[in-house]
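# Notes for the structure review
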Amino acid sequence: MNTGRTVCLVQARSSSSRLPGKVFQPLPTLTVLEHCLLRLQKANVGPVYAVVPHDDQAIQGFLEEKGHSFIAGPLDDVRQRFLMAAEVLDAEYIVRATADNPCVDPYWVQKSVEETIAQNADLFAYSGLPLGCAVEVFRTDCLANLRHGPEAADPSEYREHVSLHIKHHPELYRVVRKDSGYPQDITSQMRLTIDEPADLDLLYRLFEVLGPDCSVDELIRLYKEDPALFQLNRNVEQRRFPAHLFVKRHSA
């Protein structure tokens with residue numbers, strides 16, 4: 001598979017305000033973080049690295065012990081962490097993933113990279129996948145180039161939300177989204193990311209039933225058979241960001 005110079009970067013840290021140490025929790029044998037890293041490796045689109053805070057000794061020690069590669073950078077500037085890693089690795093394309101999504105699907109990772117290249121996209125992502133199963137892919141040169149004017153030289157929101165300036169300026173960047181084709185009445189009810197204990201409980205149960213390599217197809221079949229199981233975390237609210245972060249900005 002020709003994916004250019006593609007790297008998978010997993011945004012990770014040991015601290016979490018809602019569920020401290022969640023990346024180290026077992027599901028049921030491997031940890032949440034290990035599942036994320038191994039699933040991306042199975043996508044076979046490029047090397048996989050965790051991008052972690054430089055002062056996070058807990059996660060760095062864990063990754064060293066488990067034999068996983070990582071690159072460290074500023075705690076409060078996630079975007080800079082990604083840039084540092086991409087430059088060190090000479091990456092043309094970046095697959096961005098997060099360490100709280102142990103159900104990321106290797107098939108859809110591979111398809112996302114293929115679509116990015118085929119459509120000559122600056123940023124590509126599939127829509128309609130269950131929350132926690134998707135990635136986004138973007139070009140390193142777009143991440144590095146804040147070419148949208150001095151009115152937003154590098155605001156704090158861009159440091160936290162890695163590719164946000166690309167999404168804010170579709171007139172400058174080719175942003176492509178493609179529907180996954182799954183029934184939205186089902187996928188919209190499936191929360192497969194981990195923020196709170198109820199999320200962890202659900203993912204533990206799912207991995208017990210389906211095994212650690214469960215695909216989106218298998219998860220959807222299980223939902224059709226046992227929708228009540230997916231209600232274990234129905235009361236968890238997804239963290240919401242201000243609406244202005246995800247809409248196009250217009251210059252004066």
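Residues numbered from 1 in each chain as written. Predicted model: local features only at pLDDT ≥ 70, side-chain atom pairs only at ≥ 80, totals over all residues. Heavy atoms only, no water.

Moving on: the overall build of the chain. Looking only at helices and strands, the chain has ten helices and seven strands in total. Buried residues in the chain amount to 51% of all 252 residues. (Helix = DSSP H or I, 4+ residues; strand = E, 2+ residues; numbered from the N terminus. Buried < 20%, exposed > 50% of the residue type's maximum accessible area, 1.4 Å probe, protein only.)

Moving on: the pattern of salt bridges. Following the criterion strictly, the structure yields ten salt bridges and no others. The shortest N-O distance in the salt bridge between Lys-178 and Glu-115 comes to 2.9 Å. One end of the pair, Lys-178, is in strand β7 (residues 175-179); the other, Glu-115, is in helix α4 (residues 106-118), with 63 residues separating them in the sequence. Accessibility expressed as a relative area gives 34% for Lys-178, which makes it partly exposed. Judged by its relative accessible area of 12%, Glu-115 falls in the buried class. Among the ionic pairs, Arg-191 bridges to Asp-195, the shortest N-O distance being 2.8 Å. When salt bridges with common partners are traced through the structure, they connect Lys-22, Asp-100, Arg-191, Asp-195 and Asp-199 into a single cluster. (Salt bridge = Lys/Arg side-chain N within 4 Å of Asp/Glu carboxyl O.)

A few words on the nonpolar core. If you look at the biggest cluster of nonpolar residues, it comprises 29 residues, and the most contacted ones within it are Met-190, Leu-192, Leu-203, Leu-206, Leu-219 and Phe-230. What Leu-192 contacts, discounting residues up to four positions off in sequence, is Asn-101, Pro-102, Cys-103, Pro-130, Leu-131, Gly-132, Cys-133, Leu-202, Leu-203, Leu-206, Leu-219 and Phe-230. Membership of the second largest hydrophobic core comes to 24 residues, among which are Leu-33, Ile-59, Leu-63 and Val-137. (Core = buried A, V, L, I, M, F, W, Y, C linked by side-chain atoms within 4.5 Å. Contact = heavy atoms within 4.5 Å.)

This part covers unusual backbone geometry. Phi is positive for Asp-90, close to 55°, though the residue is something other than glycine. Take Asp-90: it is sitting in the loop between α3 (78-89) and β4 (93-98). The phi dihedral of Asn-120 falls on the positive side, at around 50°, and the residue is not glycine. With respect to the helices, strands and loops of the structure, Asn-120 is situated in the loop between α4 and β5 (123-127). Taking the relative accessible area as the measure of exposure, Asn-120 reaches 47% and is therefore partly exposed.

This paragraph deals with the side chain of Asp-199. Examined against the element boundaries, Asp-199 turns out to sit in helix α9 (residues 197-210). Once residues lying within four places of it in the same chain are set aside, the contact partners of Asp-199 are Arg-191, Thr-193, Ile-194, Asn-233 and Val-236.

Burial of strand β2 (residues 48-53) is extensive: six of the six residues sit out of reach of the surface. As defined by bridge partners, strand β1 (residues 6-11) adjoins β2 across four bridges and the pair is classed as parallel. Looking at β2, one finds that Cys-8 is bridged to Val-48. With respect to chirality, the unit in which β1 leads through helix α1 (residues 32-43) into the neighbouring parallel β2 is right-handed. Here β2 runs beside strand β3 (residues 70-73); their pairing, made up of four bridges, is parallel. (Pairing = 2+ DSSP bridges. Right-handed = clockwise from strand over helix to strand, strands pointing away.)

Now for the packing of aromatic side chains. Applying the stated criterion to the full structure yields six aromatic pairs. With a centroid separation of 5.0 Å and 90° between ring planes, the pair formed by Phe-124 and Tyr-126 is classed as edge-to-face. For Phe-124, a relative accessible area of 0% puts it in the buried group. Residue Tyr-126 is classed as buried on the basis of its relative accessible area of 8%. Feature note: the residues Tyr-107, Trp-108, Phe-124, Tyr-126 and Tyr-182 constitute an aromatic cluster, connected by ring pairs. (Phe/Tyr/Trp six-rings, centres within 6.5 Å; stacked < 30°, edge-to-face > 60°.)

Taken together, seven strands build an open sheet; the order of strands is β3-β2-β1-β4-β6-β5-β7 and the sheet is mixed. Each edge of the open sheet is held by one strand with a lone partner, namely β3 and β7. Taking the axes of each pair of neighbouring strands and ignoring which way they run, one obtains an average angle of 25° across the sheet. Along the sheet, helix α2 (residues 57-66) contacts β2 and β3; its crossing angle with β2, the most-contacted strand, is approximately 155°. Where α4 meets the sheet, it contacts β1, β4, β5, β6 (136-139) and β7, and its direction lies at approximately 135° from that of β5. (Axes fitted to C-alpha atoms, helices over the stretch in contact; angles between N-to-C directions.)

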